[in-house]
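Secondary and tertiary structure notes
Here is how the chains run, residue by residue.
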Amino acid sequence: QNEDSLQPLDSTITDSERFRDSKDLFIVCPSCHVTIKFGGIQSSKEYHVTFTGVKCTACDSVIPWLSISAQLEHFIRHEISYYYAGWLVCSDCGLHTRQVSVYGRRCIGEHGTAHSCKGVMKYCYSNKQLYNQLLYLQSLFDVDKAKKRSLKSLHDPSIADKENVPVEMNKGELDALVEQNRESFEVMKGVVNKYLEDCGRRYVDMGSIFGFMVTV
Ligand SMILES: [Zn+2]
Ligand SMILES: [Zn+2]
């Protein structure tokens, strides 16, 4: 499997698998300034999704949707600017550069001559990674995924400290929260979608223009 190819979206692969390398979404509570790792509607010791919205466990206040959307958007913009910085890395010597070699994907080497290293260059942060990251953020606000309990878990089951894993919600509670929050979560999904559509288009463009770069 080529590491730069997209995972099929309709396959049986779980979100925990698909988004294994995605960065978590952290939200700072505007009332008590504690940092919360947000994973959608699932049990967490740091926050609770209630019928009035996302509640901070530390201070028991509801985090305004406006604050969540602003923090979400800030995170997305940060990821996009990192992507646009366009850093390349060599597979052999580890050289980092923003310079695309006239020799295509060949490493330009320390002296910039492309003779000193046989490595190939690839993007540190590929369009595929960015696209996948946005899909991950979108999934966090997908209430139907929450309902099916198919969201990426906030706890890595292999290293989870059992005592810190909160009790799972029962079906009745989960279903009710999903319906009570559907509309607000849709709005948050819209924030991600705005960028995702752009990125998807670019993914296609980049693939055809810089195909030599992404199919190492
Ligand atoms: Zn708080
Ligand atoms: Zn090199």
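Provided above is the structure to which this section pertains.
Scope of this entry: the structure provided in the associated data block.

So, how was this worked out
Residues numbered from 1 in each chain as written. Chains lettered and ligands numbered in written order. Predicted model: local features only at pLDDT ≥ 70, side-chain atom pairs only at ≥ 80, totals over all residues. Heavy atoms only, no water. Helix = DSSP H or I, 4+ residues; strand = E, 2+ residues; numbered from the N terminus. Expected span 1.5 Å × (residues − 1). Buried < 20%, exposed > 50% of the residue type's maximum accessible area, 1.4 Å probe, protein only. Donors = N, O, S within 2.8 Å, 3.2 Å for Na, K, Ca; no water. Tetrahedral: all angles 85-135°; square planar, octahedral: opposite > 155°, others 65-115°. Polar contact = N/O pair within 3.5 Å; in protein donor to acceptor, adjacent residues only side chain to side chain. Contact = heavy atoms within 4.5 Å. Pairing = 2+ DSSP bridges.

Attention now moves to helix α2 (residues 65-84). Because each turn of an α-helix spans 3.6 residues, side chains separated by three or four positions in sequence point in the same direction. With 20 residues, α2 should reach 28 Å at 1.5 Å per residue; the first-to-last C-alpha distance of 28 Å fits that figure. The set of residues buried in α2 consists of Ser67, Ile68, Ser69, Leu72, Glu73, Phe75, Ile76, Glu79, Ile80 and Tyr83. Of the residues one or two after α2, Gly86 is the one with positive phi, at around 65 degrees.

We now examine the coordination of the zinc ion (ligand 2). Those donors, Cys90 (SG), Cys93 (SG), Cys107 (SG) and Cys117 (SG), are the protein atoms that reach the zinc ion (ligand 2), and they lie 2.3 Å from it. Of note is the zinc ion (ligand 2), whose 4 donor atoms meet at the metal with angles of 101 to 116 degrees in an arrangement that counts as tetrahedral. Here the donor residues of the zinc ion (ligand 2) are spaced in sequence according to C-x2-C-x13-C-x9-C. Taken together, the residues Cys90 in strand β5 (residues 88-90) and Cys117 in the loop between β6 (96-97) and β7 (121-123) connect sequence positions 27 residues apart.

This part covers the coordination of the zinc ion (ligand 1). For the zinc ion (ligand 1), the protein coordination sphere consists of Cys29 (SG), Cys32 (SG), Cys56 (SG) and Cys59 (SG), at 2.3 Å. One can describe the site at the zinc ion (ligand 1) as tetrahedral: its 4 donor atoms subtend angles covering 105 to 112 degrees at the metal. All donor residues of the zinc ion (ligand 1) come from one chain, and their arrangement in sequence is C-x2-C-x23-C-x2-C. Pair noted here: Cys32 is in the loop between β1 (25-28) and β2 (35-38) and Cys56 is in strand β4 (residues 53-56), with a separation of 24 residues, a long-range link. Among the residues examined, Cys56 registers a relative accessible area of 1% and is labelled buried.

What follows covers the side chain of Gln42. Along the chain, Gln42 turns up in the loop between β2 and β3 (47-50). Residue class for Gln42 comes out buried when judged on its relative accessible area of 16%. Within polar-contact distance, the side chain of Gln42 engages the backbone oxygen of Lys152 at 3.0 Å. Here Leu154 takes part through its backbone nitrogen, which lies 3.3 Å from a polar atom of the side chain of Gln42. In this view, Gln42 contacts Tyr47, Leu151, Lys152, Ser153, Leu154 and Met169; residues no more than four positions away in its chain are not counted.

Below, the discussion takes up the sheet that holds β6. Pairing between the strands of a sheet comes from backbone hydrogen bonds, and it takes one of two forms, parallel or antiparallel. Strand order across the open sheet formed by 3 strands is β6-β5-β7, with antiparallel pairing between neighbours. Pairing within the sheet leaves two strands with one partner each, and these edge strands are β6 and β7. Bridge count for β5 against β7 is 3 bridges, and the pairing is antiparallel. Bridge pairing in β7 places Val89 opposite Lys122.

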